[in-house]
Each structure stands twice: as C-alpha cells, then as structure tokens.
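Summary of the model geometry
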Amino acid sequence: MRIEDRMERFLQAFDELLRASRSALAFTGAGVSEESGIPTFRGSGGLWEEYPPAIYGNLPGLAMVFLLRRRRLAGFAAGVVSALAEAEPNPCHRALAALEKEGLLLGVVTQNIDGLHTLAGSGRVLELHGSAYRLRCLRCRATYGVAREILEEVVERLRRPRATRRDLLGALRRYAPPCAACGGRTRPDVVFFGESLPPGVLDEALELASRCDLLLALGTSSLVYPAAMVPRAALDAGARLVEINPHPTVLTPSAELRIPLPAGEFFASYLEHAGRE
Ligand code: OAD
C-alpha cells in the first residue's frame, strides 16, 4: 500500500472513532515531545540509557553526582534544561489543544514535565509528574512559576567550560531561589523516582479516565506506575483505545486502532486533513 493511502486510512479510522466518542481523553508521555527535541526516557537513545535513573532520577543520587562528578552533572543538567528551554509545541500538542476547544476532548493527562500542552493552548492538563516550570517551597509549600528565560540563563551557566561547583550552585540558585514568602529552600515541583504524585492529581485523572469512552494513548510506554493506572482505568471502564506510537507497548493488545507513526507526524497530517492548519 502507498504511504499516502496508509496515512489516509489511519486518518479516516481516527476521525471515525473520535466522532463516535462523547468523552475522549488523551494520555501522553515523553514520545509526544520527542519531535519537539526532548529525548524520551526508555529505548535506544533514551535519557536513562546514558544517565541511569537509579542515580539521575532522584535527589540523593543527584547530590552524590554533584559531589563526585560535577562535570557529568553539568552535562546532564545542561542537556535536560536546554531541551526544555528550546522546545516548542509540535502538531500533536497543537491538535490536542484544538480538539479540546472543539469539545471533542475532555483534556490531557500527561506524564511530561515540559509544559508543552499548556503552551500549545490545552486548557485542562493534568500533570501527573509535575512541571519543570514550577517550584515548591520545602518549608511552607508555596509554589512559584519559572519563566523560560530563567532556564536559558541556567543553561548558559551550566555550559561554562570547566564548570566549578560554584557555577553549578549558581545555576541551581538561579533556577530555584529561596522562597519569597518564608525564605525556605525551594525545589522543582516534579516527581522524582520514589516520590509521591502531587496530591489530588492522580485521583482526578483516574476519575476522568473511568468516565471517558475513548482513550488516546500517545507516545508513552505505559510502564511507570501509578501513572499507568490511567489507561488501565479507562480500559476497565470499557473505553476504546487508540495508540499512536512507532513501537508496540504493553497497551498494544488492547488497542482498537494502532497508528505506528510518530505522533507529531500523524497529527500534522490530521490538522491538514481537517483543515485546521
Ligand atoms: P518512555 O521513554 O518510557 O516511553 C516513550 C514512548 O514514546 C515509547 O513507547 C516510544 O516508542 C514512544 N515514542 C518515541 N518517539 C515517539 C514519537 N515521536 N511519537 C510517538 N511516540 C513516540 O516515556 P514515558 O512513557 O513518558 O517519570 O515514561 C513515563 C515516565 O517514566 C516518565 O514520566 C518519567 C520516566 O521515569 C518520572 O520521571 C517520574
């Protein structure tokens, strides 16, 4: 079959399922931001391949690298922060925002911390793993937004040749200064390995999932719990499943429609096809 015919078939099948649905929900993972330049976690070339999560995915591990291998920490942090600071929403983020505005999508439950769904215009975004654009005070729990320009400044500091501990601490303080309300220490409001999810967000996501009739599983391996309870809750409640992912996942056997393409590529065609762009 010609590539265009294959895409046409996917577009038609996707549109039919969406139009037949009364309450569709998107569940997204790192794969939807891959075409925005942010690396995924698993698989070849994934972040965890070079930087094992047992060390780089939690605060004590990061503190140890800070003490013992600061250049490597600077390389890791600069890579992650620059990818976040430079990323722009791609057609997948934009299409989900457009579908929500048209009343065809309840919202997005995401595992991503990159803020791209909100930047693209999605209104209801449940960030299960928090946001790199938000800080939380460890003492009084006040939260603060972080401007993108600050991430750019942080990258500049981290990229200084022969970054010293002082440079690293300077970058950290620029990103996470003391709490303006109580002077306490602040930290990124993201979920590291072994930490709990933000209170209430998982419950809200599970509630939405259990009353959706169509779940769009986009760019996620769905291996990490409790986030992966979201597609399970939708399937248990009888929702139909569309999966868009170049590689099969644990959800593939349950998918009524599987589109084995990069999500941005598929949604670029979808937006064009639907005359939305
Ligand atoms: P993973 O890295 O586990 O999975 C990314 C998925 O995206 C894989 O199934 C890829 O095949 C797929 N993929 C890659 N490029 C894609 C593209 N262009 N379009 C569509 N799919 C693509 O990422 P997540 O499932 O998001 O948690 O991982 C879940 C959690 O594991 C993350 O939120 C993070 C990590 O540990 C924390 O840090 C707490």
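For the structure given in this document, a descriptive report is provided here. As a convention, each chain's residues are numbered from 1 in the sequence order in which they are written. Restriction of local features to residues with pLDDT of at least 70 applies here, the model being predicted, together with a cutoff of 80 or more for giving and counting side-chain atom pairs; totals for whole chains, interfaces and linings are based on all residues. Hydrogen atoms and water are omitted, and side-chain values are computed over all heavy atoms in the structure.

1. Points about the overall build of the chain
Summing up its helical and strand segments, the chain has 13 helices and nine strands in all. Atoms counted for the radius of gyration: C-alpha only. Globule rule: 2.2 Å times the number of residues to the power 0.38. A globule of 277 residues ought to have a C-alpha radius of gyration of about 19 Å, and the chain, at 20 Å, matches this closely. Exposure is judged per residue with a 1.4 Å probe applied to protein chains only, and the accessible area is read against the type maximum: over 50% gives exposed, under 20% gives buried, and values in between give partly exposed. For the chain, buried positions account for 52% of its 277 residues. Reported accessibility uses the Shrake-Rupley method at a 1.4 Å probe radius. Residues are deemed covered only where the shown protein chains occlude them. Carbon and sulfur atoms form 54% of the exposed surface of the chain, whose accessible area is close to 13400 Å². Runs of E in the DSSP output that reach at least two residues are strands. Runs of H or I that reach at least four are helices, and both are numbered from the N terminus.

2. Focus on the nonpolar core
Only buried Ala, Val, Leu, Ile, Met, Phe, Trp, Tyr and Cys residues count toward a nonpolar core, and they belong to the same one when joined by side-chain atoms within 4.5 Å. Judged by nonpolar contacts, the single largest core of 35 residues is most densely connected at Leu 73, Phe 76, Leu 151, Val 154, Leu 158 and Tyr 175. Looking at this core, the elements with two or more residues in it are α3 (47-50), α5 (59-68), α6 (70-86), β4 (130-137), α9 (148-158) and α10 (165-175). At nine residues, α6 tops the list of elements feeding residues into this core. Excluding its chain neighbours within four sequence positions, the residues that come into contact with Leu 151 are Val 81, Leu 84, Ala 85, Tyr 133, Val 146 and Tyr 175. Counting residues in each nonpolar core, the second largest holds 29 residues, with Phe 10, Ala 26, Val 32 and Cys 92 among its members. Any two residues whose heavy atoms approach within 4.5 Å are treated as being in contact.

3. Quick word on the sheet that holds strand β2 (residues 108-110)
Sheet strands associate in pairs through backbone hydrogen bonding, adopting either a parallel or an antiparallel arrangement. Spatially, β3-β2-β1-β7-β8-β9 is the arrangement adopted by the six strands of the open sheet, whose pairing is parallel. Here the strands that pair on one side only, and so sit at the sheet edges, are β3 (125-127) and β9 (257-259). For this sheet, the mean angle separating the axes of adjacent strands, direction not counted, is 15°. Orientation is described by lines fitted to C-alpha atoms, with helices fitted over the stretch in contact, and by angles between N-to-C directions that extend from 0 to 180 degrees. Helix-sheet contacts for helix α1 (residues 3-20) involve β1 (24-28), β7 (214-218), β8 (240-244) and β9, and the interaxial angle to β9 is about 135°. Strands are treated as partners if at least two bridges between them are detected by DSSP.

4. Notes on the packing of aromatic side chains
Classification of ring pairs rests on two measures: the distance between centres of Phe, Tyr or Trp rings, Trp counted by its six-membered ring, which must be within 6.5 Å, and the angle between planes, read as stacked under 30 degrees, edge-to-face over 60 and tilted in between. Under the defined criterion, the tally for this structure stands at 11 aromatic pairs. Ring centres of Phe 267 and Tyr 270 lie 6.1 Å apart, and the angle between their planes is 85°; this geometry places the pair in the edge-to-face category. With Phe 267 and Tyr 270 both in helix α13 (residues 263-273), this residue pair falls three residues apart, about one helical turn. Neither Phe 267 nor Tyr 270 differs from the other in exposure class; each is buried. Feature note: the residues Phe 14, Phe 266, Phe 267 and Tyr 270 constitute an aromatic cluster, connected by ring pairs. Across the ring face of Phe 66, the terminal group of Arg 165 is positioned such that the distance to the ring centre comes to 6.0 Å. For a ring to carry a charge above it, either NZ of a lysine or CZ of an arginine must fall within 6 Å of the ring centroid while also lying within 35 degrees of the normal to the ring plane.

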